[in-house]
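Residues per chain are reported as follows:
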Protein chains: 2
Amino acid sequence: MKTIIEPERKDWTRILKRPAKSFYDLEGIVKEVFSDIKLNGDEALRRYTKKFDKVDLSKIAVSKAEISNAEKKIPETLKDAINIAKNNIEKFHKSQTIEKKIIETSQGVECWQESRGIEKVGIYIPGGTAPLFSTVLMLAIPAVIAGCKEIVLCNPPDINGEINPAILYTASLIKITKLFKVGGIQAIGALTFGTESVPKVYKIFGPGNQYVTIAKQFALNKGISIDMPAGPSELLIITDKSANPVFVASDLLSQAEHGIDSQVICVANNINVLNNIEKQLNIQIEELPRKDIAREVIANSKFIYMNDMQDTIDIVNEYAPEHLILVTENNDFYIENIINAGSVFIGNYTPESAGDYASGTNHTLPTNGFAKTYSGVNLDSFTKKITFQKITKEGINNIGKTIEIMAKTEGLHAHKNAVTVRLTSENNVNYGKSITR
Amino acid sequence: MKTIIEPERKDWTRILKRPAKSFYDLEGIVKEVFSDIKLNGDEALRRYTKKFDKVDLSKIAVSKAEISNAEKKIPETLKDAINIAKNNIEKFHKSQTIEKKIIETSQGVECWQESRGIEKVGIYIPGGTAPLFSTVLMLAIPAVIAGCKEIVLCNPPDINGEINPAILYTASLIKITKLFKVGGIQAIGALTFGTESVPKVYKIFGPGNQYVTIAKQFALNKGISIDMPAGPSELLIITDKSANPVFVASDLLSQAEHGIDSQVICVANNINVLNNIEKQLNIQIEELPRKDIAREVIANSKFIYMNDMQDTIDIVNEYAPEHLILVTENNDFYIENIINAGSVFIGNYTPESAGDYASGTNHTLPTNGFAKTYSGVNLDSFTKKITFQKITKEGINNIGKTIEIMAKTEGLHAHKNAVTVRLTSENNVNYGKSITR
């Protein structure tokens with residue numbers, strides 16, 4: 001790792017700079033796959049699945065039998081764990097429901113907001129060696145709570161044409177039934193255009209490799225919404241002498257095992273604390289199956305000594321970490337002053353992995369500095385708010401003059417007239433006669 | 001207008017199709033201006049302002065003297081109107097503040113969300129013949145309530161190098177002081193990269209012509225967030241015999257005067273109602289200063305006869321109008337079943353222009369079908385939510401096993417270990433010794 005002592009403000013941007021990635025060389029293939037799927041639908045999906053996933057599928061949709069078989073393959077201990085996590089995630093995301101509040105802004109003028117679930121959403125779950133059923137929980141649970149009517153899940157099949165039973169079990173537990181064996185660019189293309197098997201959706205959620213990331217940007221350009229721009233995962237920890245270095249090291253390593261592009265930063269107001277964490281890192285890293293990845297990430301990590309609390313929170317807000325762990329005697333100061341972060345973990349007994357799996361918060365979070373403008377996935381991500389207004393005759397009398405003056409000043413006479421005809425109407429049934437001033 | 005009787009579902013997509021627009025021929029100029037501004041800053045801004053706005057500016061920033069002079073130029077009646085609108089918009093947007101709710105998902109596991117204002121936001125107000133001070137109210141008021149620290153407003157100067165006093169007065173009333181005389185592509189470029197005068201921001205809001213629309217898409221590709229994709233304004237009205245045709249016609253015309261690409265649709269379960277509205281349109285249109293524009297829009301408008309209420313709401317949800325006016329005996333049915341709309345106006349005395357100016361709701365709304373996934377601008381647009389979690393030793397004992405099983409199944413052993421070291425620690429100070437299972 002690199003240890004940096006009290007960096008000057010002018011150097012912060014350089015020190016905090018994330019490695020830049022250019023995706024331009026992938027655009028050609030994404031464009032090609034998208035055009036093909038738009039034109040050839042399922043046939044194209046089967047062809048790409050054969051090419052990339054090495055399997056010849058007869059049916060792209062997962063059958064009911066496959067779903068019910070999955071349940072038998074899952075150990076009871078895993079089922080219990082998934083159930084506990086599901087309950088916590090449900091509790092927290094249900095608490096995000098907004099109540100309808102009718103506001104009388106002027107007498108006779110009532111305004112309110114109501115939330116509606118986005119009708120059609122797509123959830124992409126990447127493939128790979130391990131089944132990411134935790135991401136099924138994180139994306140499908142709020143979609144169901146939001147009342148999304150059609151929830152479509154795509155996951156690449158294995159070489160036998162099967163979806164991992166943990167994914168199927170988790171989806172079925174949340175009552176997601178539209179599951180498709182398709183991955184990568186072709187999955188995002190299918191959700192964008194729709195095919196004979198896969199329904200077109202309005203918004204696409206979920207992580208993925210650089211192909212999926214580019215494909216989601218393409219979907220966005222085709223008028224489909226996406227959850228957020230993707231990037232490598234990140235963790236920043238603020239520590240002081242109250243932090244347990246064994247715990248801090250374990251958290252840094254849990255971030256470091258994700259992939260060689262993961263970002264790890266540790267800030268402390270005490271050099272001994274940093275040294276103790278480093279010692280622990282060296283001990284714990286040896287016992288990890290993914291130690292080669294973790295070692296590379298730790299080698300690129302940054303340990304920053306910063307004495308001043310305001311400087312510390314300023315540099316953190318400048319970086320805008322996806323995950324922020326606070327283990328200091330002054331956690332309340334940092335909670336109050338943090339502006340840019342995805343999810344915050346407070347105290348020695350709150351590891352990041354709790355939020356990744358089971359505390360109840362969402363693990364789909366803004367990376368790459370997007371915490372400056374984006375929230376992590378939450379109930380809002382699956383809904384949109386409609387505003388309503390209901391004005392009485394008294395109400396339009398109260399605000400009508402205001403509207404007339406403003407519309408006239410903006411040169412919009414028909415806008416003014418829409419009020420004028422109402423102000424000058426003797427009653428609300430005045431058919432067949434034009435009333436304009 | 002075109003009257004359509006009970007269209008079949010299979011024809012809805014075609015009937016509701018909005019005119020497609022290709023912006024590809026504008027990309028070259030946007031790209032050129034962006035590169036120029038990134039490289040040459042203020043000098044480039046001055047050059048483009050001279051070229052497009054025909055004025056040679058010495059200072060790009062609006063001075064304090066200009067702001068205080070503006071107040072003297074505004075009639076008291078307009079000041080009063082702006083004040084009333086401001087109060088209503090403030091009341092409604094303040095009501096959108098979320099309260100912190102701490103949820104104990106499992107014993108010892110507390111999760112909550114907190115909102116933070118986006119630190120740096122840009123507001124673009126277009127130029128043209130009339131000063132759009134109402135858009136200043138709609139964008140600056142929620143930005144201030146959200147606690148955005150730096151609010152930057154850009155508006156193109158007139159031929160004398162001045163900003164309309166109504167814009168300056170309104171901005172100053174809301175305590176916006178960073179005002180710049182720059183418009184079009186160059187304004188969006190300046191907010192994207194920052195120049196000597198204009199600060200770089202994290203998110204850009206505001207309407208504009210097709211150049212501004214493309215420039216905002218470019219900003220998005222540079223990692224700057226934007227409020228929403230833009231498109232021509234739209235109004236759909238659902239009426240029955242309870243609707244006053246004079247009022248309905250005035251509302252359709254207020255939409256029609258915006259521009260020749262405005263969209264106007266009127267649905268009724270009664271042909272006489274449609275006929276009466278048409279008669280009123282023909283009378284009222286003659287008295288409008290912008291009757292040429294309105295006539296062209298009305299000629300392209302659609303009058304749809306639909307008898308069934310469910311069919312009616314289904315076709316409306318399929319169209320997803322920016323503005324929806326309900327003037328029927330069954331408004332409650334439509335309120336309950338509307339899923340896709342920007343803002344809804346209920347009853348004979350609620351003209352769309354009320355929401356455009358003074359009822360309190362926002363007038364920056366999703367067009368072009370984006371109401372299927374986007375909300376209109378509201379307090380959320382200027383904030384992002386951070387999740388927090390605080391777990392006690394008891395809490396990690398309660399959910400630790402769950403996390404361990406899930407992490408192990410996903411093949412993330414360091415994630416599991418971050419819990420294991422905590423579960424097996426005798427106390428929270430256990431320095432210098434690695435504890436792993």
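Residues numbered from 1 in each chain as written. Chains lettered and ligands numbered in written order. Predicted model: local features only at pLDDT ≥ 70, side-chain atom pairs only at ≥ 80, totals over all residues. Heavy atoms only, no water.

K.L.:
Describe the overall build of chain A, with residues and values.
P.N.:
In terms of regular secondary structure, chain A is built from 16 helices and 14 strands. Once the C-alpha set of chain A is aligned to its principal axes, its extents read approximately 85 × 60 × 45 Å. Buried residues in chain A amount to 61% of all 437 residues. Within chain A, contacts between residues at least 6 apart in sequence are counted, and of these 73% link residues at least 24 apart. Counting only carbon and sulfur atoms, one obtains 49% of the accessible surface of chain A, whose full area is about 16800 Å². Charge separation in chain A, taken as the distance between the mean sites of 51 positive and 51 negative side-chain charges, equals 9 Å. (Helix = DSSP H or I, 4+ residues; strand = E, 2+ residues; numbered from the N terminus. Buried < 20%, exposed > 50% of the residue type's maximum accessible area, 1.4 Å probe, protein only. Contact = heavy atoms within 4.5 Å. Areas by Shrake-Rupley, 256 points an atom, 1.4 Å probe, with all protein chains shown as cover. Lys, Arg positive; Asp, Glu negative; His and termini not counted. Charge placed at Lys NZ, Arg CZ, Asp CG, Glu CD.)

K.L.:
Provide a residue-level description of the packing of aromatic side chains, including the pertinent values.
P.N.:
Applying the stated rule across the entire model yields 16 aromatic pairs over all chains. Judged by centre distance (5.5 Å) and plane angle (10°), the rings of B:W112 and B:F388 are stacked. On the criterion of sequence distance, the pair formed by B:W112 in strand β3 (residues 109-117) and B:F388 in strand β14 (residues 383-391) is long-range, its members being 276 residues apart. On the accessibility criterion, B:W112 (4% relative accessible area) is buried. Among the aromatic residues, those joined into a cluster by ring pairs are A:F34, A:F193 and A:F218. We note B:R18 situated over the ring of B:Y319; from NZ or CZ to the ring centre the distance is 3.9 Å. Directly above the ring of B:Y48 sits B:R47, whose terminal nitrogen or CZ lies 5.6 Å from the centroid. (Phe/Tyr/Trp six-rings, centres within 6.5 Å; stacked < 30°, edge-to-face > 60°. Lys NZ or Arg CZ within 6 Å of the ring centre and 35° of its normal.)

K.L.:
Quick rundown of the nonpolar core? Include the residues and the values.
P.N.:
Counting 60 residues, the largest nonpolar core has A:L153 and A:F382 as the members making the most contacts within it. When sequence neighbours within four positions are dropped, the list of residues in contact with A:F382 reads A:R116, A:G117, A:I118, A:V121, A:L139, A:P142, A:A143, A:A146, A:C148, A:F205 and A:V377. Counting residues in hydrophobic clusters, the runner-up holds 59 residues, among them A:I396, B:A146, B:I163 and B:I174. (Core = buried A, V, L, I, M, F, W, Y, C linked by side-chain atoms within 4.5 Å.)

K.L.:
With reference to specific residues and values, describe unusual backbone geometry.
P.N.:
Phi is positive for B:K175, which is not a glycine, with a value near 65°. Mapped onto the elements, B:K175 comes out in the loop between α7 (165-173) and β6 (178-181).

K.L.:
Tell me about the pattern of salt bridges, residues and numbers included.
P.N.:
All names here are of chain A. In total, this model carries 45 salt bridges over all chains according to the counting rule given. Between R9 and D314 there is a salt bridge, with its nearest N and O atoms 2.7 Å apart. You can see R9 sitting in the loop between β1 (2-5) and α1 (12-16) and its partner D314 sitting in helix α12 (residues 309-319), a full 305 residues away along the chain. Salt bridges linked by common partners bring R9, D311 and D314 together as one network. (Salt bridge = Lys/Arg side-chain N within 4 Å of Asp/Glu carboxyl O.)

K.L.:
Can you lay out the sheet that holds β1(A) for me, pointing to particular residues and giving the numbers?
P.N.:
In space, the 9 strands of this open sheet follow the order β1(A)-β11(A)-β10(A)-β9(A)-β12(A)-β13(A)-β14(B)-β3(B)-β2(B), with mixed pairing throughout. At either end of the open sheet lies a strand with only one pairing partner, and these are β1 of chain A together with β2 (103-106) of chain B. Averaged over all pairs of adjacent strands, the angle between their axes in this sheet comes to 20°, without regard to strand direction. With 6 bridges connecting them, strand β9 (residues 234-239) of chain A and strand β10 (residues 263-268) of chain A associate as parallel partners. Opposite A:I237, over in β10(A), you have A:C266 as the bridge partner. (Pairing = 2+ DSSP bridges. Axes fitted to C-alpha atoms, helices over the stretch in contact; angles between N-to-C directions.)

K.L.:
Could you give an account of the relation of the copies chain A and chain B, with specific residues and numbers?
P.N.:
Of the transformation placing chain A onto chain B, the axial shift is 0.0 Å and the rotation is 180°, giving an RMSD of 0.0 Å. Such a turn and shift between the copies fits a two-fold axis. Residues of chain A ranked by C-alpha distance from the rotation axis are headed by A:I98, positioned 4.2 Å from it. Comparing interface residues between copies, 99% of those in chain A also sit at the interface in chain B, which points to an isologous, same-surface contact. (Least-squares fit on C-alpha atoms with pLDDT ≥ 70 in both.)

K.L.:
For the pairing of strand β14 (residues 383-391) of chain A, give the residues involved together with the corresponding values.
P.N.:
Of all the 9 residues making up β14(A), 8 are buried; the element is thus mostly covered by neighbouring parts of the structure. By the bridge criterion, 9 bridges tie strand β3 (residues 109-117) of chain A to β14(A) in an arrangement that is antiparallel. Within β14(A), the position partnered with A:S115 by the bridge is A:K385. When β14(A) meets strand β13 (residues 343-346) of chain B, the two strands line up parallel, connected through 4 bridges. Directly across from A:K390, in β13(B), lies its bridge partner B:I346.

K.L.:
Outline the interface of chain A and chain B, listing residues and values.
P.N.:
Each side of the interface is counted separately: chain A has 132 residues, and chain B has 131 residues. Buried surface at the junction of chain A and chain B, both sides included, amounts to about 11300 Å², of which 59% is carbon and sulfur. For the chain A face of the interface with chain B, the top three residues by lost area are A:Y349, A:E410 and A:R422, together amounting to 8%. There are 4 salt bridges connecting chain A and chain B. A:D380 is paired through a salt bridge with B:K385; the nearest N and O atoms lie 2.5 Å apart. Here chain A and chain B share 68 residue pairs in polar contact (both at pLDDT 80 or more) between them. Residues of the side of chain A that touches chain B, tallied by class, amount to 56 nonpolar, 51 polar and 25 charged. (Buried area = accessible area lost by both parts, 1.4 Å probe. Polar contact = N/O pair within 3.5 Å; in protein donor to acceptor, adjacent residues only side chain to side chain. Nonpolar A, V, L, I, M, F, W, Y, C, P; charged D, E, K, R; others polar.)

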